[in-house]
Amino acid sequence: MQIGIDSFAAQVIDPETRALQPASERMNDLIQEIVYADEVGLDNFGVGEHHREEFLDAAPTMILAAAAARTKNIRLTSAVTVLSADDPVRVFQRFATLDLISNGRAEIVAGRGSFTEAFALFGLELHQYDELFAEKLALLLELRSQNPLTWVSKFRAPLNNQGVYPRPVQARLPVWLGVGGTPESFARAGSLGLPLMVAIIGGDFRRFRPHINLYRKAGAQAGFAPEQLKVGVHAFGYVADTSEAARDIFYPGFAHMMGEIGKERGWPPMRRQQFDASCSPEGPYLIGDAQAVADKILYVNEVLGGIERISLQMTNVMVNHEKMLSGIRLLGDEVAPIVHERSERSLLGNDLNE
């Protein structure tokens, strides 16, 4: 199982003075965090895409490219690319360039995002949300294998036997489909044979199992082999020396961020008791000491019927750079070895029983 991190490049607030960290300093810290994740052996690092004041990830491929030049092994992904509001040709070109810089480590997680600011910003109609995504996803997938390409569509100028360059190192640039909770999105991913990245930000992990079963069934019906139908999970997470310390470190900034978003969406403020319950062994947050987080990862793998990748969403507006580096170190040096050892033992036990 691959273990990694996702970040939304949130601006960091000093919990005592409420002053914002300078944006340039925050950006450099984020790049250092990606470099450190590579050094401790984590498998992937994803950067989101938002067009809001509190986040610095409006151009995630630029952040990932800066990290690509300083890393060796870690795979560099979006989390997610808001494809409905972008041009698939430009998306492909940016990630192909990232793939060249990283020598074949770029991946796209294409999705719709959880905010809608990009539609007005780029002159798009929100009511065409679904139609935009379907058409642009189809073109993005075609760009991976056809060059030059002829393409006629509703939302962009046609391509008339035109080449799209540069081409990536990887023969087929990986594209995951990022999904939330709608069955139609899971079925779409399966019918296209795309790996699936499931954003689970609340609720019981087990409630996603029927949707993942639907994904696998749709993929099988479309003729894709089981090994092609990979499942990844994106969930809030953080690791500290003790579970109590992890909760104490993560809660203030998390509550602040969710509270600000909640003002827009009508959510009630997050309470500490609710947060602690979500960090419990069956809760949706992977927040605790190394053993607790490893146990939760293995639990998620079991209840979802096997996953290929898990990415901890470690964005937090009040966790400073030093604490973030500490969490990354514990995830790479302590959590990942526990997960890999227990997974190997489980596989070995299954082989012996056959």
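In the block above lies the structure referred to throughout.
Thresholds applied
- Residues numbered from 1 in each chain as written.
- Predicted model: local features only at pLDDT ≥ 70, side-chain atom pairs only at ≥ 80, totals over all residues.
- Heavy atoms only, no water.
- Helix = DSSP H or I, 4+ residues; strand = E, 2+ residues; numbered from the N terminus.
- Rg over C-alpha atoms; globule rule 2.2 N^0.38 Å.
- Buried < 20%, exposed > 50% of the residue type's maximum accessible area, 1.4 Å probe, protein only.
- Contact = heavy atoms within 4.5 Å.
- Lys, Arg positive; Asp, Glu negative; His and termini not counted.
- Charge placed at Lys NZ, Arg CZ, Asp CG, Glu CD.
- Axes fitted to C-alpha atoms, helices over the stretch in contact; angles between N-to-C directions.
- Parallel < 35°, antiparallel > 145°, perpendicular 65-115°, else oblique.
- Left-handed = near helix turned anticlockwise from the far one by under 90°.
- Salt bridge = Lys/Arg side-chain N within 4 Å of Asp/Glu carboxyl O.
- Phe/Tyr/Trp six-rings, centres within 6.5 Å; stacked < 30°, edge-to-face > 60°.
- Lys NZ or Arg CZ within 6 Å of the ring centre and 35° of its normal.

Chemist: Explanation requested: the overall build of the protein chain in the structure shown.
Modeler: Within the protein chain, the regular secondary structure consists of eleven helices and twelve strands. Computed over the C-alpha atoms, the radius of gyration of the protein chain is 20 Å, within 12% of the 20 Å expected from 2.2 N^0.38 for a compact globule of 354 residues. For the protein chain, the spread of C-alpha atoms along the three principal axes comes to 60 × 60 × 40 Å. The burial tally for the protein chain puts 52% of its 354 residues in the buried class. Sequence separation of at least 24 residues holds for 72% of the intrachain contacts in the protein chain that already meet a minimum separation of 6. In the protein chain, 34 side chains carry a positive charge and 44 a negative one; their mean positions are 4 Å apart.

Chemist: When you look at the packing of helix H3 (residues 88-102) against helix H5 (residues 129-145) in this model, what are you seeing that I'm missing?
Modeler: Helix packing for two helices is described by the angle between their axes and how far apart those axes are. Between H3 and H5, the least distance of the axes is 9 Å, while the angle of their chain directions is 45°. Here H3 is positioned oblique relative to H5, judged by the angle of their axes. Viewed along their axes, H3 and H5 form a crossing whose handedness is right-handed. Packed against H3, whose contacting residues are Pro-88, Val-89, Val-91 and Phe-92, the element H5 presents Lys-136, Leu-139, Leu-140, Leu-143 and Arg-144 at the interface.

Chemist: Any chance you could explain the pattern of salt bridges here in plain terms?
Modeler: Where side chains of opposite charge bring their charged atoms close, a pairing between them can arise. Under the defined criterion, the tally for this structure stands at 17 salt bridges. Here Glu-107 ties to Arg-309 by a salt bridge, and the two come within 2.9 Å at their closest N and O atoms. One end of the pair, Glu-107, is in strand S5 (residues 106-111); the other, Arg-309, is in strand S12 (residues 309-313), with 202 residues separating them in the sequence. Judged by its relative accessible area of 5%, Glu-107 falls in the buried class. Residues joined in a network through salt bridges with shared partners are Arg-52, Glu-54, Glu-117 and Glu-264.

Chemist: I tried to follow unusual backbone geometry on my own but got confused; where do I start?
Modeler: For residues that are not glycine, phi is negative in most cases, and the peptide bond is trans in most cases. In this chain, Ala-79 is followed by Val-80 through a cis amide linkage whose omega measures 5°. Tracing the backbone shows Val-80 in the loop between strand S3 (75-78) and strand S4 (81-82). Looking along the chain, the bond that leaves Tyr-165 and enters Pro-166 is cis, with omega of 0°. Inspection of the secondary structure assignment puts Pro-166 in the loop between strand S7 (159-162) and strand S8 (175-179).

Chemist: Whenever I open this one, the packing of aromatic side chains confuses me. Can you help?
Modeler: Any two aromatic rings considered together are summarised by their centre-to-centre distance and by the angle between their planes. Going through the model one piece at a time under the given rule, you end up with eleven aromatic pairs. Seen in terms of ring centroids, Phe-275 and Tyr-285 are 5.9 Å apart; in terms of plane orientation they differ by 40°. Their pairing is tilted. You can see Phe-275 sitting in helix H9 (residues 272-278) and its partner Tyr-285 sitting in the loop between H9 and strand S11 (286-288), a full ten residues away along the chain. Grouping aromatic residues by their ring pairs yields a cluster made of Phe-236, Tyr-238, Phe-250, Tyr-251, Phe-254, Phe-275 and Tyr-285. Above the plane of the ring of Phe-115 lies Arg-265, whose end atom (NZ or CZ) is 4.7 Å from the centre.

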